Each structure stands twice: as structure tokens, then as C-alpha cells.
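# Secondary and tertiary structure notes
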Amino acid sequence: MPTAAVPALHLRQQITDIYLAAKPPPGGHRATWFVAALKREPDREDFHAMARDFLAVVDLYRRLVSAADTAERAGDAQTGLVLHGLIGHATAELMGSTRHPGWRAAALDLLDPDGKTEPPIGREDAVRLFALALGIDPDADEPDAG
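Keep in mind that what you see is a predicted model, and the values were worked out from it rather than measured. (Residues numbered from 1 in each chain as written. Predicted model: local features only at pLDDT ≥ 70, side-chain atom pairs only at ≥ 80, totals over all residues. Heavy atoms only, no water.)

### Digging into the pattern of salt bridges
- The full count for this structure, using the stated rule, is five salt bridges.
- Across the pair R104 and D53 runs a salt bridge whose closest N-O atoms are separated by 2.7 Å. Here the residue R104 occupies a position in helix α5 (residues 103–111), and D53 occupies one in helix α3 (residues 45–74), the gap between them amounting to 51 residues.
- Relative accessible area serves as the criterion here: at 33%, D53 is assigned to the partly exposed category. (Salt bridge = Lys/Arg side-chain N within 4 Å of Asp/Glu carboxyl O. Helix = DSSP H or I, 4+ residues; strand = E, 2+ residues; numbered from the N terminus. Buried < 20%, exposed > 50% of the residue type's maximum accessible area, 1.4 Å probe, protein only.)

Structure follows, in C-alpha cells:
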């Protein structure tokens, strides 16, 4: 029995457990693909790497949702705006998009602010980051109306 079959089984079980839970994250179709691919070819190291990366995004998504809930309860609108933008990027990646992979670094900076106790960003920065997360460049010239 190949040694890679055990990790593939473990990865399949982790993904299945996450998506059979009461409130699964987005990306169910992609999760199904990973489970099938790991079952069909349990020795493919690239499938293992992609599945581990997928699970890392699921974890980051959950942390972002939890932080957004906490920010909402605390009335921290600036951080909440940025968190919702990052949740959108996490959702997109769980569904298959890897167009903007830099969101992960921003999410980790926001979730783990190196021991700072105050909010890591101000209102103006939060609004700008939220606009950028929506794909709007606030510094771009306005198109001519006429």
C-alpha cells in the first residue's frame, strides 16, 4: 500500500467533514472535486498540495468570518469593512479564483497584528481597502460623462 494513500484519505476526510457540517463555507463544488480527485489518484502530490492549500483557505475564511462578527458586535465599522472585503476574496478563492492571491497576506496582517491592541487601520485606509476589494480604484480618473 502506498504511503501517500493515508494522507489522501486524511485530506478527503477533513474536506468531507467541513462540507457536511451545518454551516459549510463556500466552495462545495471544488471540495467535491478534491475528494474525488484524491480518491481517484491518491498518490498525486500536486492534488495533496492543492487540497492542503484549499484547507488553509477554509481556515482563513472561518477566522475572517469570526473576526467580522466580533468587529460588528464591538461597533468597529472600519475593521468590519476590510474584513468583509477579505471574506469576499476568500470566498472567490474557495470557489476557484486565484486571481488576487495577495489578499491572504492582508488577512493575516489584520488577524494577527503583531501584538497591537488598537485597530490596525484607520477609517480612510479601511474605505480604500474595501473599495479595492470590490475592484474599484478610488484613485482612478472618473470617466467622462459626455
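Having put the structure on the table, let's press on.
### Brief notes about the environment of Y61
- Note on placement: Y61 falls in helix α3.
- Looking at Y61, the relative accessible area reads 17%, which means it is buried.
- In this structure the C-alpha to C-alpha distance between Y61 and I87, which are 26 residues apart in sequence, comes to 6.2 Å.
- Beyond its immediate sequence surroundings of up to four residues, Y61 is in contact with P25, P26, I87, A90, T91 and L94. (Contact = heavy atoms within 4.5 Å.)

### Re the nonpolar core
- Core analysis: the biggest nonpolar cluster contains 31 residues, and I15, Y19, F54, L64 and W103 have the highest contact counts within it.
- Counting only elements with at least two residues in this core, the list comes to α1 (5–19), α2 (28–40), α3, α4 (77–94) and α5.
- For this core, the element with the highest residue contribution is α3, accounting for eleven residues.
- When residues no more than four places from it in sequence are discounted, the contact partners of W103 are V57, L60, L64, L86, H89, A90 and E93. (Core = buried A, V, L, I, M, F, W, Y, C linked by side-chain atoms within 4.5 Å.)

### Digging into the packing of aromatic side chains
- Summed over all chains, the structure comprises four aromatic pairs.
- Both rings, one in Y19 and one in F54, keep their centres 6.0 Å apart while their planes meet at 25 degrees; by these two values the pair is stacked. Taken together, the residues span a long stretch of sequence, with Y19 in helix α1 and F54 in helix α3 at a distance of 35 residues.
- On the accessibility criterion, F54 (2% relative accessible area) is buried.
- Ring plane angle 45 degrees and centroid distance 5.0 Å describe the contact between F34 and F54, whose orientation is recorded as tilted. Within this pair, whereas F34 is found in helix α2, its partner F54 is found in helix α3, the two being separated by 20 residues in sequence. In terms of burial, F34 and F54 fall into one category: buried. (Phe/Tyr/Trp six-rings, centres within 6.5 Å; stacked < 30°, edge-to-face > 60°.)

### Comments concerning α2
- Across its 13 residues, α2 extends 18 Å between first and last C-alpha, which sits within 8% of the 18 Å expected from 1.5 Å per residue.
- Listed as buried for α2 are A31, F34, A37 and L38. Across the axial projection of α2, the buried residues extend over an arc of 130 degrees, all falling on one side. Across α2 from its buried face, at more than 90 degrees, point the exposed residues H29, T32, K39 and R40. (Expected span 1.5 Å × (residues − 1). Arc of directions from axis to C-beta.)

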